[in-house]
Amino acid sequence: MENNTQIYKGVALTHGRTEQMIDTIIEKRAILSNTELCKLVGLESFRNLVPIYRMLNKIQRVETKVEIIKKPKKVKVIIETYKGVALTHGRTEQMIDTIIEKRSVITPIELAELGGLKSFRNLVPILGQLNKIQRVASKTNKPEVKNTNKKKVPTVSMAKNTYTNYYGKGKDKARDLIAQSIMSTKRQSSNILTLPADTWIMEKNIMKQKQGYKYTAVERDKETYKKMITNLIKDDNLFDSVIATANKTISEVIENDKPDTYSSAILDYCGFVDSFYNEINNVLTNNLVKKGGFITLTLAENDRVINHPLQMDNYSNTYIRNCYSDENVSGAKVTNDLINNLVFNNVGYRIVSKFNYKDTKVKMMLFIIERIN
Ligand SMILES: C[S@@+](CC[C@H](N)C(=O)[O-])C[C@H]1O[C@@H](n2cnc3c(N)ncnc32)[C@H](O)[C@@H]1O
């Protein structure tokens, strides 16, 4: 083909071919027979049509290819997520719920086992994604900072009751120690802030030994609260000993309480200290328990290491970070020191008793604090 040969729609305009002829061929090729098409455009024979077709087909193939390259088919990969976690690698909604529910009360290794993960390593990206969602949520929900004089009471986020160790030698001994301290206080005009869960074991134990103590019973988990009320109604003696119940967190209940509202507080949390640090501090700082009363704290021994994905940027993390780097900062030491610190910072209190126990895999610590001033 000569260099100055005219091309129209990819077809060389040689051998008497015209633009109109090419247009007609393109337009009619699908509806006319080759012989009819030759007649229509004035070609002598079908042989003359073949090179035109070849050139048209070639152009069409190139155009289709260009089309494919220009517009690659979008393959949408839809990754299902649940509570911010991608449901890939065999993760299920139930698994994510279990992890959210138990992450603050059991160790990562136990958590991995419970969630049905092969290894603790598989837990790390899930916790990373959950922490990210939590960070974003807490940023979004941050209230506007207003300059009011009202003291802000940080609330403990609503969570399920994950407590299962109702029975165990250690737990019974801890209950005994709590009961002993409570029974050394006056029954008259008593009002003990307590977390009875659904079973009221602690309160019933005290009642069996010494009648007449009164309680304000708090439970943040709705289902546990409902069972707690059902069991309360069934027991007349218990019913008479309860001043108030609330399906709230302790923080929410004490928000507007005045000093000396309670005769004692049985804060049988059984979770990690970080979650309750501010709440405990509020009870102490605001002197919510009368002089001579007790604040008992049951906590799970903190076993976190620094920068662990389970660990939010909070008290234990800060504590460990600030420790001398060569020091062996065990979980027990972190919990113990943080409680010592709380008591040290709040004048008028002293720790009168400590008890460590372990009925399940989780190590527990009981602190009994007395308000002395
Ligand atoms: C360890 S259980 C109480 C056990 C009970 N005292 C006994 O002797 O068997 C703790 C209960 O308090 C609830 N709870 C934990 N932290 C709370 C908080 N900050 N405010 C309100 N309820 C809380 C949990 O949902 C759980 O039902």
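So, the packing of helix α7 (residues 169-183) against helix α8 (residues 201-209)
Phase 1: At a minimum axis distance of 10 Å, the contact between α7 and α8 shows a crossing angle of 55°. Taken together, the axes of α7 and α8 are oblique relative to one another. Of the two possible hands of crossing, α7 and α8 adopt the one that is right-handed. Contacts from R175, I178, A179, I182 and M183 in α7 reach I201, M202, N205, I206 and Q209 in α8.
Phase 2: In terms of residue class, the contact of α7 with α8 is built from 7 nonpolar, 2 polar and 1 charged.

Re the nonpolar core
Phase 1: If you look at the biggest cluster of nonpolar residues, it comprises 52 residues, and the most contacted ones within it are I192, A265, L267, V283 and I295.
Phase 2: A total of 6 residues in this core trace back to one element, the largest contributor, which is strand β11 (residues 364-371).
Phase 3: Within the second largest apolar cluster, 6 residues are counted, among which are V11, I25, V41 and L43.

Remarks on the pairing of strand β10 (residues 349-357)
Phase 1: Alignment of β10 against β11, held across 8 bridges, turns out to be antiparallel. Within β11, the position partnered with S353 by the bridge is I368.

Some remarks on unusual backbone geometry
Phase 1: Notably, A197 is not glycine yet its phi reads approximately 55°, a positive angle.
Phase 2: Here A197 is to be found in the loop between β5 (192-194) and α8.
Phase 3: Positive phi outside glycine occurs at D260, with the angle close to 65°.
Phase 4: Inspection of the secondary structure assignment puts D260 in the loop between α11 (250-254) and β8 (264-271).

What to know about the environment of K186
Phase 1: With respect to the helices, strands and loops of the structure, K186 is situated in the loop between α7 and β5.
Phase 2: When the C-alpha positions of K186 and G212 are compared, they lie 9.4 Å apart, and in sequence the two are 26 residues distant.

Brief notes about α7
Phase 1: Given a rise of 1.5 Å per residue, 15 residues ought to cover 21 Å, and the 21 Å separating the end C-alpha atoms of α7 matches this to within 8%.
Phase 2: What α7 keeps buried is the set K171, A174, I178, A179, S181 and I182. Along the axis of α7, the buried positions cluster into a sector of 165°, meaning they face one direction only. Of the residues in α7, the exposed ones pointing more than 90 degrees away from the buried face are K169 and M183.
Phase 3: Here the buried face of α7 lies against β5, α8, β8, β9 (294-300), β10 and β11.

Observations concerning the environment of I7
Phase 1: Checked against the element boundaries, I7 lands in strand β1 (residues 7-8).
Phase 2: The class for I7 is partly exposed, based on 13 C-beta atoms found within 10 Å.
Phase 3: For I7 and T18, which are 11 residues apart along the polypeptide, the C-alpha to C-alpha distance reads 9.9 Å.
Phase 4: Once residues within four sequence positions are removed from consideration, I7 is found in contact with A12 and L13.

Let's talk about the sheet that holds strand β6 (residues 215-218)
Phase 1: Spatially, β7-β6-β5-β8-β9-β11-β10 is the arrangement adopted by the 7 strands of the open sheet, whose pairing is mixed. Only two strands of the sheet have a single partner each, and these edge strands are β7 (242-246) and β10. For this sheet the average axis-to-axis angle between neighbouring strands, irrespective of direction, equals 15°.
Phase 2: As paired elements, β6 and β7 share 4 bridges and run parallel to each other. Within β7, the position partnered with V218 by the bridge is A246.
Phase 3: This element, helix α12 (residues 273-285), spans β8, β9 and β10 of the sheet and lies at about 170° to β8.

Overview of the pairing of β8
Phase 1: Buried residues dominate β8, accounting for 6 of its 8 residues.
Phase 2: Relative to β8, β5 runs parallel, the two being bridged by 3 bridges. When the sheet's bridge partners are listed, I192 is paired in β8 with S264.
Phase 3: As paired strands, β8 and β9 are joined by 4 bridges and run parallel to one another. Its bridge partner being in β9, G271 is matched across the sheet by L299.
Phase 4: On the question of chirality, the crossover connecting β8 to the parallel β9 by way of α12 is right-handed.

Details of the confidence of the model for the protein chain
Phase 1: Confidence in the prediction of the protein chain, expressed as mean pLDDT, is 83, and 79% of residues score 70 or more.
Phase 2: Throughout residues 142-148 the model reports pLDDT below 50, and contacts reaching past four residues in sequence, or to other chains, amount to 0 contacts.
Phase 3: Confidence drops under a pLDDT of 50 for residues 150-158, and excluding neighbours within four residues, the segment shows 14 contacts in the predicted structure.

Observations regarding the environment of K358
Phase 1: Tracing the sequence through the fold places K358 in the loop between β10 and β11.
Phase 2: Judged by C-beta crowding, with 12 C-beta atoms within 10 Å, K358 ranks as exposed.
Phase 3: The spatial distance from the C-alpha of K358 to the C-alpha of K169 is 8.7 Å, given a sequence separation of 189 residues.
Phase 4: Other than its neighbours up to four places away in sequence, K358 contacts G170, K363 and M364.

The rules behind each value
- Residues numbered from 1 in each chain as written.
- Predicted model: local features only at pLDDT ≥ 70, side-chain atom pairs only at ≥ 80, totals over all residues.
- Axes fitted to C-alpha atoms, helices over the stretch in contact; angles between N-to-C directions.
- Helix = DSSP H or I, 4+ residues; strand = E, 2+ residues; numbered from the N terminus.
- Parallel < 35°, antiparallel > 145°, perpendicular 65-115°, else oblique.
- Left-handed = near helix turned anticlockwise from the far one by under 90°.
- Contact = placed C-beta atoms within 7 Å.
- Nonpolar A, V, L, I, M, F, W, Y, C, P; charged D, E, K, R; others polar.
- Core = buried A, V, L, I, M, F, W, Y, C linked by C-beta atoms within 7 Å.
- Buried ≥ 20, exposed ≤ 12 C-beta atoms within 10 Å, placed from the backbone.
- Pairing = 2+ DSSP bridges.
- Expected span 1.5 Å × (residues − 1).
- Arc of directions from axis to C-beta.
- Right-handed = clockwise from strand over helix to strand, strands pointing away.
- pLDDT = per-residue confidence, 0-100.

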